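Chain and residue survey
One letter stands for each residue in the lines below.
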Amino acid sequence: MAWTGRENQVMLNLLAELVERGNKLTDGTFSKALIESNVLPKFNDICCSNKKFEHYKARWKTWKKTYSTIAGMLNSGSGFGWNADTERVTADDEVWDGYIKYFEVQNFDTSSDDEKMMIMAATGASIVAYNIIINSKVPRQNISIEGPLYMRRALSEDHPEDFRSRYRMTPIAFMKLCKILRSKSLLKDTRVVPIEEQLGMFLLTIGQNQRYSWIINSHFNKVLDAIVMLNDEYMSSISTATPLNIQSSHRYYPYFKDCIEAIDGTYIPAVVYGDDSIRFRNRHGKLSQNGLAACTFNLEFIYILGGWEGSANDARVLKDALNKPNGLKVPQGRYYLVDAGYPNRPGFLAPYRGTRYHLQEYGNNLPQNPKELFNLRHASLRNVIERIFGILKSRFVILQTPPPFSYPVQVKIVLACCILHNYLRKECPSDEFTIEEQSQQPFDFYEDEFDGDVESGTAQSQAEQRLRADQFRDEMANQMWEDSCNNI
């Protein structure tokens, strides 16, 4: 049953009155008994109508969808604004033309008054009334100027710290990135949306995890692809030199002189449907993708592999990274630091299992033997991978919750965030977001999963490689302990 504009307004006003009297349920809706006994009789009397509860329920769903669209528009810096005096959505003709053309492409009948109302999302007092009903407040941001001007004003008038908080980088870094994307022809200005606004919307999405309507999504993938194209330029390369922080510390040098970087896996919340969801549940029962990363001691990523289902263990993901044509490389005679979830093998130095390892396990309690001393220094050095994950997820909040995108896009988002992290480390290395404390999780051991695909040769030669790696670690631990006892 069709609803007229007047019927929409009358119903919303009646519901707003219920809110003022405190009759809204905790889930934001109203009870069926209240609607049938209090609202519908008044509504039908005023509008000379014969609406029933099912008509009201269907209309409520329409309003909810409409409000979500409008809220996304008003919070995006997309060119749409809000005039509090006239209670209308505002935009210039080009923005409205682009919005209407989108719906024409989607086969909406834009000649229909009702469809036009849906396209323009029932602006005016209806939006205010529905917003009062669900939030008891007006729209969250008062963007009253066109998108391009909004970004220019944000860059020129906002306090740099406010801009950084909103867009996750300083204005100078933002403008330089726009220049890079423009000069490399990775992004182009459109007739309505310049590169600055496209990047701004993208950063709001990944940095604030804000959910938007079509106007954001129509540019999101373009910016995402453009950032991913910067992978070769901003993903750090492996250095064969001993890292400076190892060279300069008697706690680490010469013991870890052949260490290159640190490796670990991390769970990223994911949205997966159907039968696939079983494979994507991690050991905590949550849907996620399992990503593997290698980073330098300067907090820069050198390798990222995302896309593995959450149920896959870290050792299995590492096998895949090593077997890919352009995968993770291990220089001859060098090794990565890994946690106890990985076996101790040539090229991957793991701590002793069954011995306290995490830094908080030590506190003021000094190591009591060579294995504990080795584990303490190993954990202190490998902690860089924990820090970089913490910084990444604090800056790009979209990595903390399931994102509303297809799974291939979710995988690319992880890579893009890592590339942006490296870009910002080069542009402003001291700019770090506060890391939220995370409890240390117990390790999962998958010895057999690792064997065979990384090591080559017969079972005997594999055993020899494992023995040689363990002997190397024992010699290092014993030398550390001897030097420590001698105060060297």
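What counts and what doesn't
Residues numbered from 1 in each chain as written. Predicted model: local features only at pLDDT ≥ 70, side-chain atom pairs only at ≥ 80, totals over all residues. Heavy atoms only, no water. pLDDT = per-residue confidence, 0-100. Contact = heavy atoms within 4.5 Å. Salt bridge = Lys/Arg side-chain N within 4 Å of Asp/Glu carboxyl O. Helix = DSSP H or I, 4+ residues; strand = E, 2+ residues; numbered from the N terminus. Buried < 20%, exposed > 50% of the residue type's maximum accessible area, 1.4 Å probe, protein only. Phe/Tyr/Trp six-rings, centres within 6.5 Å; stacked < 30°, edge-to-face > 60°. Axes fitted to C-alpha atoms, helices over the stretch in contact; angles between N-to-C directions. Parallel < 35°, antiparallel > 145°, perpendicular 65-115°, else oblique. Nonpolar A, V, L, I, M, F, W, Y, C, P; charged D, E, K, R; others polar. Pairing = 2+ DSSP bridges.

This part takes up the confidence of the model for the chain. Taken residue by residue, the chain gives an average pLDDT of 79. The fraction at 70 or more is 73%. Low pLDDT (under 50) marks residues 136-145, which in the prediction has 27 contacts with non-local residues, meaning those over four places away or in another chain. Predicted confidence for residues 438-455 stays below pLDDT 50, and this span has 48 contacts to residues more than four positions away or in other chains.

In the structure shown here, the tally under the stated rule is 16 salt bridges. Across the salt bridge formed by lysine 51 and glutamate 7, the nearest N and O atoms sit 3.2 Å from each other. Residue lysine 51 is found in the loop between α2 (32-47) and α3 (53-74), and its partner glutamate 7 is found in helix α1 (residues 5-20); the two are separated by 44 residues along the sequence. Look at lysine 51 and you get buried, because its relative accessible area is 4%. A salt bridge links arginine 279 to glutamate 309, with the nearest nitrogen and oxygen atoms 3.5 Å apart. One end of the pair, arginine 279, is in helix α14 (residues 276-279); the other, glutamate 309, is in strand β5 (residues 301-309), with 30 residues separating them in the sequence. Under the relative-accessibility criterion, glutamate 309 is labelled buried at 11%. A network of salt bridges, in which partner residues are shared, links Asp276, Arg279, Glu309 and Arg316.

Under the criterion given, the structure shown has 16 aromatic pairs. Relative to tyrosine 56, the ring of phenylalanine 53 has its centre 5.6 Å away and its plane inclined at 45 degrees; by these criteria the two rings are tilted. You can see phenylalanine 53 and its partner tyrosine 56 sitting in helix α3, 3 residues apart, about one turn around the helix. Note on tyrosine 56: relative accessible area 4%, which makes it buried.

Before going further, it helps to examine the packing of helix α16 (residues 370-395) against helix α17 (residues 407-427). In helix packing, the relevant descriptors are the interaxial angle and the interaxial distance, both defined with respect to the helix axes. Direction vectors running N to C along α16 and α17 enclose 105 degrees, while the axes themselves pass 10 Å from each other. Compared by their axis directions, α16 and α17 come out roughly perpendicular. For the pair α16 and α17, contact is made by Ile388, Ile391, Leu392 and Arg395 and by Cys417, Cys418, His421 and Leu424, respectively. Across the contact of α16 with α17, the residue classes break down as 6 nonpolar, 1 polar and 1 charged.

We now examine the pairing of strand β3 (residues 259-269). Of all 11 residues that make up β3, 10 are buried, and the element is covered over most of its length. In this sheet, strand β6 (residues 335-337) lies alongside β3 in parallel orientation, the contact comprising 2 bridges. In the sheet register, alanine 262 faces β6, and the bridge partner there is leucine 337.

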